[in-house]
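Chain by chain, the residues run as shown.
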Amino acid sequence: MFNYLLLYGLKQLKGQRSTASLYHIISGRRSTQTIQDAHFYQMTQFYSIYQKLKRVEFDQAISNLIDQGDLIIDDAGVATLTLKGERILKEWQQPKIIKAFTGIESANKAKVFSDRLALTIQTFANLSVENNQFQPINEDLAIQQWVKSYYQSQQDIKSWLINTYHHLTTFLTTIDEKQATIFVNRLSGYRNYGQTIQQLAMKHNLSNHDVHLILAASYHQLIDYIETNQIKFLAQFIPEQEQQTKKFITQSAQQTNRLLNQGYTIDQIIKIRRLKRSTIEDHIVELAYAIPNLNLSNYIETEDLNEILEEIKQINDLRLSQIKQQVGDRYSYFQIRLAIAKASH
Amino acid sequence: MNQLEKQLNKYFGYPTFRPGQKEIIEDILNGKHVFATLPTGSGKSICYQLPSMMIDGKVIVVTPLLSLMEDQVKQLKKRGFKQAVAINSFNTTVERRSILNQLDAYQLIYLSPEMLQNKYVITKLRQLKISLFVIDEAHCISQWGHEFRPDYLKLNQAIEHLGDPTILALTATATPDVQKDIINHFYKIKFTKHIYPIDRDNISLIVEQLNHRSEKDAYLINLFQKWSVPTIIYFTSRKEAERVATLLGEKFSQLSVSYYHGELETSERLLIQEQFMENQIDIICATSAFGMGIDKQNIRLVIHYHIPTQLESLIQEIGRAGRDQLSSVSISLIAPNDDILPRRLIETELPSTEMVESLFASLLHIQQSETTISLNQAFIHNHWPINEVQRRFIQDYFAENDLMTQDGRIELHKIIPQIKHDLIKRVEQRSRYKLGKLDELFQWLTAKECRRQALYQSFQSTVREAKYHCCDQCGFTLEQWSPEYGKRGRELKSWQAQLQSILLPFESGGTGHE
Ligand SMILES: [Zn+2]
């Protein structure tokens, strides 16, 4: 599954970006460039699905694919699929769970959701048999604090456990048997600690990466299940959407956004924030990606915007230099980038 | 039940004390300074943890083992005692500030020795009433101890600053010479001594001389065909730990085998530790990172696939077996050239002559433009391929010889060529010492006499007789062994059943334990 993801992602890059861009997308790098790339190459659903992935592990996996003859790579680090790679990708039907990833909006949501749910299950299972001496599986203070206050809002933890048990059973029967087993193996309860990623990989004969992705996908699917069936008490575990969108705008871009909303111009913001023009422009491009209805009329006429959008469609290449060549010098890079951002929505 | 036992039961759930604990605690509560040697696994920490829950003032514990203090704080919290805290380099500056600003909320405060050099920390501590000051791993004071820590030499000063509280100096492995060293160092303090033998009479000792790594693998496979008891197998190399864990896991599908080393993520390490505690794991293949602070009672077998660099470490690792005092076994596997790995390890713990030369060349160069410079990691990494242990060695040397300013910067005008020669001499001396310790270990491994006598005789005047079986030299073979341990029910098959046991433990009424 992980290898599939790599082949798929590199194909999407169309030989226009180095493999590092793919790494940044799946590990969820918070930079304007990466967010742009994710939109450009239609991989927003994979953005940030594997935050823990280390660069060395990614590079190792790429070089394995090269050794297997699925990829070739040039000096600039740009990879192209070989015929064999293309064939594998075609034969390897997109597994259902890959579709579970729905992109930027849900990436962080699933992580927080799974952390809260797993720690609540462990805590409640222990308290239900009156054991308050256990090692919490999650040491993140924010998660612990959340579970604590959730616990204080609960009247009857046994009914909570029974309810959750029924919902999880129903949910797990809708997914693959192996996937369900991995999901349950990972949970901790009373005097029973969940399996590590390595242990699950060993047991199910998968790579660590595959186990990670399977677990992440399961939680995405579970969120979907909870939302579709409107299971209110479990929906509480899903963090607020609004908070999430904000997270995909860098802190600095958020500040710029505040100033723009207060009516300051780019030139004024440059002075106020003591930043370079190019930085402020980066922020605005980033905002254009994150906020679909952002008003761009201060930077580009609607007519011009439409013209660039038309050109992009025709040449089907998202490299800035290519587009610039096509539309000529009439537009600045900044304007073209804004158009590309607009095109992503 | 008397008062102390009641407290022990209340806080820890043990009905009785282990040998030594009660005597030590009574002396402490009576305000006597105590020097104590207690074997690994005898519950040293109870000696100060219990008083901290009973007495009025604060208890400070100085220990160089950062993971141990973190583990102990975690364990205490797990037991419901929240007033324990660890202050060390793991904390971020913000965390440390916030802890120090509400220090009064804690009863038991763990500190790394270098934290006591920090003026701000001392100022904060001085505002508290310190009733007990614990020096854990007290052998670190001795230059001849196997883990000498120059920071420990400054503890006298800290004790004075804190208004001369009651002192408890604790160690698990100290030869009589090292014991004398410790007591002499604190010449102002009149200690009541509690010397308990460190020999473990319930652990039987075996050394197997084999010809090759493949024979070690075969030995293990043969062993686990007959025995399946809670086991730790120690390795020096992470890769080997992983390899053998995979090998055993494939060979024995009915056994649960895992590996553990410092490269694993903290949250995953935590799961493995707890699984081992709950008997979910039968065999753990680990580096020396595993074991400190793990209070598992029924480990029956400790195997050394690789040996450490000195007897003291070996004794500590063996001592993790059989804390419940039931019959347990230690097996050391050795093959030709097994000294290569520990020798290399010793090398990486000391700076090389080239490193020292290069450092001094740099310092002499900087001398022309600067007056002081910090010997921090960044500085060193830019100049030499040097690791943290080596860096500390150099820094300690500079500190001891008064070449550093108050805030830990090198005073460049004091750097003269003679210092370089002295430092190189010190490295050579230390290296000889460590290689000597390694030789001692090999002498033990190859000796023809009783292993128990040979292992413990330098630490105590008499060695007790074995409670169950002595050692291979005295005629013990594994065939004579009948270990006791609580078996765990096998893992439930279907995910449905597993989910039920996790979410509804009150219905199944079970934990999976037989
Ligand atoms: Zn013997």
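Residues numbered from 1 in each chain as written. Chains lettered and ligands numbered in written order. Predicted model: local features only at pLDDT ≥ 70, side-chain atom pairs only at ≥ 80, totals over all residues. Heavy atoms only, no water.

Colleague: Would you mind showing me how to read the overall build of chain A here?
Modeller: Each helix and strand counted, chain A has 19 helices and 2 strands in total. Along the three orthogonal principal directions, the C-alpha set of chain A runs to about 70 × 55 × 35 Å. Each of the 345 residues in chain A was classed as buried or not, and the buried ones make up 54%. When contacts within chain A are restricted to residue pairs at least 6 apart in sequence, long-range pairs at least 24 apart make up 66% of them. Surface summary for chain A: the accessible area is close to 16900 Å², and the carbon and sulfur share equals 46%. Here chain A holds 37 positive side-chain charges and 34 negative ones, and the gap between their average locations is 4 Å. (Helix = DSSP H or I, 4+ residues; strand = E, 2+ residues; numbered from the N terminus. Buried < 20%, exposed > 50% of the residue type's maximum accessible area, 1.4 Å probe, protein only. Contact = heavy atoms within 4.5 Å. Areas by Shrake-Rupley, 256 points an atom, 1.4 Å probe, with all protein chains shown as cover. Lys, Arg positive; Asp, Glu negative; His and termini not counted. Charge placed at Lys NZ, Arg CZ, Asp CG, Glu CD.)

Colleague: What should I look at first to understand the overall build of chain B in this one?
Modeller: Helix and strand counts for chain B stand at 20 helices and 15 strands. Since a compact globule built from 514 residues should have a radius of gyration of about 24 Å, the 24 Å found for chain B is in line with a globular shape. Across the 514 residues that make up chain B, the buried fraction comes to 56%. Long-range contacts, defined here as pairs at least 24 residues apart, represent 75% of the contacts in chain B between residues at least 6 apart. Roughly 22500 Å² of accessible area belongs to chain B as shown, and the carbon and sulfur atoms make up 49% of that amount. Between the mean site of the 59 positive side-chain charges and the mean site of the 61 negative ones, chain B shows a separation of 3 Å. (Rg over C-alpha atoms; globule rule 2.2 N^0.38 Å.)

Colleague: Is there a simple way to explain the sheet that holds strand 4 (residues 108–111) of chain B in this structure?
Modeller: Two pairing modes exist for strands in a sheet, parallel and antiparallel, and in both the strands are linked by backbone hydrogen bonds. Residues and elements named next belong to chain B. What the 7 strands build is an open sheet, ordered 3-4-2-5-6-1-7; its pairing is parallel. Taken across any chain shown, the strands that pair with only one partner, and hence form the sheet edges, are strand 3 (84–87) and strand 7 (191–195). Ignoring strand direction, the axes of neighbouring strands in this sheet form an average angle of 15°. Across 4 bridges, the pairing between strand 1 (residues 33–37) and strand 6 (residues 166–171) is parallel. (Pairing = 2+ DSSP bridges. Axes fitted to C-alpha atoms, helices over the stretch in contact; angles between N-to-C directions.)

Colleague: Looking at this model, I keep getting lost on the coordination of the zinc ion. Mind explaining?
Modeller: Around a metal, the ideal angle is 109.5 degrees if four donors adopt a tetrahedral arrangement and 90 or 180 degrees if six donors adopt an octahedral arrangement. Residue and element names in this part refer to chain B. Protein coordination of the zinc ion is provided by Cys 450 (SG), Cys 470 (SG), Cys 471 (SG) and Cys 474 (SG), with donor distances spanning 2.2 to 2.4 Å. Ordering the donors of the zinc ion by residue number gives the pattern C-x19-C-C-x2-C. Residue Cys 450 is found in the loop between helix 17 (417–446) and helix 18 (451–456), and its partner Cys 474 is found in the loop between helix 18 and helix 19 (495–503); the two are separated by 24 residues along the sequence. (Donors = N, O, S within 2.8 Å, 3.2 Å for Na, K, Ca; no water.)

Colleague: Can you help me understand the pattern of salt bridges in this one?
Modeller: Close approach of charged atoms allows side chains with opposite charge to pair. Tallied over the full model, the rule gives 35 salt bridges over all chains. Residues A:Glu86 and A:Lys11 are paired through a salt bridge, measuring 3.0 Å at the closest nitrogen-oxygen approach. Of the two residues, A:Glu86 is situated in helix 5 (residues 83–91) and A:Lys11 in helix 1 (residues 2–12); the sequence distance between them amounts to 75 residues. When its relative accessible area of 29% is taken as the criterion, A:Glu86 is described as partly exposed. With a shortest N-O distance of 2.9 Å, B:Glu312 and B:Lys437 are connected by a salt bridge. (Salt bridge = Lys/Arg side-chain N within 4 Å of Asp/Glu carboxyl O.)

Colleague: Explain the environment of B:Leu116 to me, please; I cannot follow it from the model alone.
Modeller: Along the chain, the position of B:Leu116 falls in the loop between strand 4 and helix 6 (119–126). Spatially, the C-alpha atoms of B:Leu116 and B:Ala172 are 23 Å apart, while their sequence positions differ by 56 residues.

Colleague: Can you walk me through the pairing of strand 6 of chain B in this structure?
Modeller: Within a regular strand, the side chains alternate between the two sheet faces. Residue and element names in this part refer to chain B. Summarising burial for strand 6: 6 of the 6 residues are buried, a large majority. Neither face of strand 6 is left uncovered, since the one carrying Thr 166, Leu 168 and Leu 170 and the one carrying Ile 167, Ala 169 and Thr 171 both have all their residues buried. Relative to strand 6, strand 5 (residues 130–135) is paired through 4 bridges, and the arrangement is parallel. Looking at strand 6, one finds that Ile 135 is bridged to Ala 169.

Colleague: Please clarify how the environment of B:Phe235 should be interpreted in this entry.
Modeller: Residues and elements named next belong to chain B. Along the chain, Phe 235 turns up in the loop between strand 9 (231–234) and helix 10 (238–251). Between the C-alpha atoms of Phe 235 and Asp 407, which are 172 residues apart in sequence, the distance is 39 Å. Once you skip the residues sitting within four places of it in the chain, Phe 235 turns out to touch Glu 240, Ala 241, Val 244, Cys 285, Ala 286, Thr 287, Ser 288, Tyr 305 and His 306.

Colleague: When you look at the nonpolar core in this model, what are you seeing that I'm missing?
Modeller: Soluble globular proteins tend to bury their nonpolar side chains together. Residue and element names in this part refer to chain A. Residues Leu 6, Ile 26 and Phe 46 are the most contacted members of the largest nonpolar core, which totals 73 residues. Among the elements that line this core, the one with the most residues is helix 1, at 7 residues. The residues touching Phe 46, leaving out its near neighbours within four places in the chain, are Leu 5, Tyr 8, Ile 25, Ile 26, Ile 98 and Phe 101. (Core = buried A, V, L, I, M, F, W, Y, C linked by side-chain atoms within 4.5 Å.)

Colleague: So what exactly am I meant to see when it comes to the domain arrangement of chain A here?
Modeller: Partitioning chain A into structural domains gives domain 1 (2–94), domain 2 (109–239) and domain 3 (245–343). Computed from C-alpha coordinates alone, the two centres of domain 2 of chain A and domain 3 of chain A are separated by 41 Å. (Domains from an automatic or database assignment.)

Colleague: Is there a simple way to explain the packing of helix 2 (residues 19–27) of chain A against helix 3 (residues 32–40) of chain A in this structure?
Modeller: To describe two helices that pack against each other, one gives the angle between their axes and the distance between the axes. All names here are of chain A. At a closest axis distance of 9 Å, the pairing of helix 2 and helix 3 adopts a crossing angle of 95°. It follows that helix 2 is roughly perpendicular to helix 3 by the angle criterion. For the pair helix 2 and helix 3, the contacting residues are Ser 21, His 24 and Ile 25 in the first and Thr 34, Asp 37 and Ala 38 in the second. The residue inventory of the contact of helix 2 with helix 3, partitioned by class, reads 2 nonpolar, 3 polar and 1 charged. (Parallel < 35°, antiparallel > 145°, perpendicular 65-115°, else oblique. Nonpolar A, V, L, I, M, F, W, Y, C, P; charged D, E, K, R; others polar.)

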